[in-house]
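Next come the chains, spelled out residue by residue.
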Amino acid sequence: MPTPVAPLPLTPSGESLGLHLLESAQAATGPKMRAQCERMPSRMAGLAGYHLGWLDERGGPAQGSMGKAARPALALASTRAAGGSASDGLGPAVAVELVHNFSLVHDDVIDRDELRRHRRALWAVFGLPSALLSGDALLALALRVLSEPTGDPPGRAVSVLCDAVLELVEGEAMDVSFEQRTDVTVAEYTAMAAAKTGALMGCSCALGALAGGADIEQAELLRAFGRHLGVAFQIVDDLLGILGDADATGKPVGGDIAARKKTLPVLAALASSTPQARALARVYASDTHLTGAELRHAAGLVTEAGGVQAARRTVRRELSLAFEVLGEAAATPAGRRDLTALAHVLTQRDH
Ligand code: FPP
Ligand code: MG
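Chains are numbered independently. Their residues run from 1 in the order of the written sequence. Lettering for chains starts from A, numbering for ligands starts from 1, and both go in the order in which the items are written. Since the coordinates come from a predicted model, pLDDT governs what is reported: local features require at least 70, and pairs of side-chain atoms require 80 or more to be given and counted, while whole-chain, interface and lining totals use all residues. As a convention, hydrogens and water are excluded, and side-chain values are obtained from all of the structure's heavy atoms.

Colleague: I'd like to hear about the overall build of the chain, residue by residue, with values.
Modeller: Put simply, DSSP marks the helices as runs of H or I at least four residues long and the strands as runs of E at least two long, and each gets a number from the N terminus on. The number of helices and strands found in the chain is 16 helices and two strands. Radius of gyration here uses only the C-alpha atoms, and the compact-globule reference equals 2.2 Å multiplied by the residue count raised to the power 0.38. Over its C-alpha atoms the chain spans a radius of gyration of 20 Å, differing by no more than 12% from the 20 Å that the globule rule assigns to 351 residues. With the principal axes as the frame, the chain shows a C-alpha extent of 60 × 50 × 40 Å. Whether a residue is buried, partly exposed or exposed follows from its accessible area with a 1.4 Å probe, protein chains only, as a fraction of its type maximum: under 20%, in between, or over 50%, in that order. For the chain, with 351 residues in total, the buried portion stands at 52%. What makes two residues a contact is simply this: any of their non-hydrogen atoms within 4.5 Å. Pairs at least 24 apart in sequence give 72% of the contacts found in the chain among residues at least 6 apart. To measure how exposed things are, a 1.4 Å probe is used in the Shrake-Rupley method; for residues, cover is taken only from the protein chains shown. Roughly 15600 Å² of accessible area belongs to the chain as shown, and the carbon and sulfur atoms make up 57% of that amount. Asp and Glu count as negative and Lys and Arg as positive, but His and the ends of the chain are not part of the count. A charge is said to be at NZ when it belongs to Lys, at CZ for Arg, at CG for Asp and at CD for Glu. Side chains of the chain carry 33 positive and 39 negative charges; the gap between the two charge centres is 2 Å.

Colleague: How would you sum up the coordination of the magnesium ion (ligand 2)? Please name residues and give values.
Modeller: Excluding water, the donors of a metal are its N, O and S neighbours within 2.8 Å, or within 3.2 Å for Na, K and Ca, and that exclusion means sites may look incomplete. Donor atoms from the polypeptide that bind the magnesium ion (ligand 2) are Asp 107 (OD) and Asp 111 (OD), placed at 2.1 to 2.3 Å. Of this pair, Asp 107 and Asp 111 both sit in helix α4 (residues 90-111), four residues apart, which is roughly one turn of the helix.

Colleague: Just give me the short version of the environment of Gln 180, but keep the residues and values in it.
Modeller: Along the chain, the position of Gln 180 falls in the loop between α7 (155-178) and α8 (186-211). Measuring from C-alpha to C-alpha, the distance between Gln 180 and Lys 261 comes to 9.4 Å, with 81 residues separating the pair along the chain.

Colleague: Please give an account of unusual backbone geometry that cites residues and values.
Modeller: Residues other than glycine seldom take positive phi values, yet Arg 112 does so here, at roughly 55°. In this fold, Arg 112 is placed in the loop between α4 and β1 (115-116). In the Ramachandran plot, Arg 260 falls in the positive-phi region, its phi being about 60° despite a non-glycine side chain. Take Arg 260: it is sitting in the loop between α11 (255-258) and α12 (264-270).

Colleague: Run through the state of the cysteines, naming residues and quoting values.
Modeller: Cysteine sulfur atoms that pair up within 2.5 Å are treated as a disulfide. For the structure shown, the criterion picks out zero disulfides. Cys 205 provides the cysteine sulfur closest to Cys 203, a residue in no disulfide bond, and the two sulfurs are 9.1 Å apart.

Colleague: So what's going on with the packing of aromatic side chains? Residues and values would help.
Modeller: Two rings from Phe, Tyr or Trp (for Trp, the six-membered ring) form a pair when their centres sit within 6.5 Å of each other. Planes less than 30 degrees apart are called stacked, planes more than 60 degrees apart edge-to-face, and all others tilted. Following the criterion strictly, the structure yields one aromatic pair and no others. With a centroid separation of 5.4 Å and 75° between ring planes, the pair formed by Tyr 50 and Phe 126 is classed as edge-to-face. Residue Tyr 50 is found in helix α2 (residues 42-51), and its partner Phe 126 is found in helix α5 (residues 122-126); the two are separated by 76 residues along the sequence. Two conditions define a charge sitting above a ring: the NZ of Lys or the CZ of Arg must be within 6 Å of the ring centre, and it must be within 35 degrees of the ring normal. Across the ring face of Tyr 50, the terminal group of Arg 119 is positioned such that the distance to the ring centre comes to 4.2 Å.

Colleague: Would you mind going over empty space enclosed by the protein in detail, with residue names and values included?
Modeller: Here the term cavity refers to a set of points on a 1 Å grid, laid over the protein atoms alone, in which a 1.4 Å probe fits but cannot get out; the term pocket refers to an open set having protein on both sides within 12 Å along at least five of seven lines, with lining residues being those that place an atom within 4 Å of a point. Grid points are joined across faces, edges and corners, and a volume is the space filled by probe spheres set on the points. One pass over the structure, following the stated rule, counts two cavities of 30 Å³ or more. Considered as a void within the structure, the largest cavity measures approximately 70 Å³ in volume. Considering the residues around the largest cavity, the lining is formed by Tyr 50, His 51, Ser 65, Arg 116, Arg 117, Arg 119, Arg 120, Ala 121 and Leu 122. Elements with a minimum of two residues in the lining of the largest cavity: α2 and β2 (119-120). The space that makes up the second largest cavity amounts to roughly 30 Å³. Lining the second largest cavity are Gln 26, Thr 29, Gly 30, Met 66, Gly 67, Ala 69, Pro 72 and Glu 97. Side-chain classes follow a simple rule in which Ala, Val, Leu, Ile, Met, Phe, Trp, Tyr, Cys and Pro form the nonpolar group, Asp, Glu, Lys and Arg form the charged group, and the remainder, Gly included, forms the polar group. Of the residues contributing to the lining of the second largest cavity, the split by class is three nonpolar, four polar and one charged.

Colleague: Describe the side chain of His 51, with residues and values.
Modeller: Mapping His 51 onto the fold places it in helix α2. Residue His 51 is classed as buried on the basis of its relative accessible area, which comes to 8%. Each polar contact in these results corresponds to two N or O atoms within 3.5 Å; when the atoms are within protein, one needs to be able to donate a hydrogen and the other to accept it, and residues that are neighboring in sequence are counted only if both atoms are side-chain atoms. One polar contact links His 51 to Asn 101, side chain to side chain, over a distance of 2.8 Å. If sequence neighbours within four positions are ignored, His 51 has contacts with Ser 65, Asn 101, Leu 104, Val 105, Arg 116, Arg 117, Arg 119 and Leu 122.

Colleague: Report on the packing of helix α9 (residues 216-243) against helix α16 (residues 333-347), specifying residues and quantitative values.
Modeller: Relative to each other, α9 and α16 sit at 15°, their axes nearing to 9 Å. With respect to α16, the axis of α9 lies roughly parallel. Seen along the crossing, α9 lies across α16 with a hand that is right-handed. Contacts between α9 and α16 involve Leu 222, Phe 225, Leu 229, Ala 232, Phe 233 and Val 236 on the former and, on the latter, Leu 339, Ala 343, Leu 346 and Thr 347. Looking at the contact of α9 with α16 residue by residue, the classes come out as nine nonpolar, one polar and no charged. The angle between two axes is taken between their N-to-C directions and runs from 0 to 180 degrees, where each axis is a line fitted to C-alpha atoms and a helix contributes only its stretch in contact. Should an angle fall under 35 degrees it is taken as roughly parallel, and over 145 as roughly antiparallel, whereas 65 to 115 is taken as roughly perpendicular and any remaining angle as oblique. In a left-handed crossing the near helix is turned counterclockwise from the far helix by less than a right angle, and in a right-handed crossing that turn is clockwise.

This is the structure:
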């Protein structure tokens, strides 16, 4: 039985609160992200401008996407949840989004993914050295934003962010190591997703909360909320990689199966002792290039072997855990409502 989804308020314009919060976070952080990137030396500023969508391949103006702003929205809502006003959380919101973009630029290099947000990935346009260096630059920029004077001592926030980056790179290393293995367990997957995606979402909430005046205990509870949400978000990402629509995701569908990624739906399907699991195991054991039809067939095997259903169950479980800790976090009613709305919209997305 699917868990019933609590009805969430609509904004005056009729859109869901979650979408509204994402758009507001984009509007609040976008100009600051751009201003920060434009303060970098010109080569790095140009590369960041391409990746973040305001420049085209030749450095002219463009209308590319900066992404959904999920992490800034979590940071800003966590600031409210701790009793602060949104502007208190703006620095952390920008910092976590810069870290997120550093990780995307490097991830596309690692996976040799050629498409990102409907455009050619940075490395595919400018080459590997530029992509590596601009990722490094975005990371340094994030640390600089966070250490800008705000009245609070920045030391704690910087160390919280650095811990998350260390965990993020460990999670990415685990993910890459899984490609060579045939015995990855669901528990190992969950640990990887918690590190690769949960760490930064948890950090977004913790940093936002600290900026809003949270004590350590409240910041830790909000971090736990973001971490569970991050695992759920990663599994939804895995599902979109199998079932999603390329027009919505801006990435080729089936890319994870083509790379023999051990995503949760695939691991659950492989563990199912069905004929489809055996057929899928043969696909994963081969190293031939898979055609579009073969990728669709493999995706069908994942669904028929129960992998999609199992992954959706895990999404619901992680969301329940997230809401449980949110309930303990003594969040303001508005903050709690906003974090709940974000958790729903981020796990019901199509891109
Ligand atoms: C998509 O976020 C990103 C994820 C689901 C996280 C995947 C994790 C990594 C890429 C970590 C890689 C780490 C290193 C160190 C290379 P999104 O849907 O919010 O993206 P958007 O900003 O485009 O909306
Ligand atoms: Mg990857």
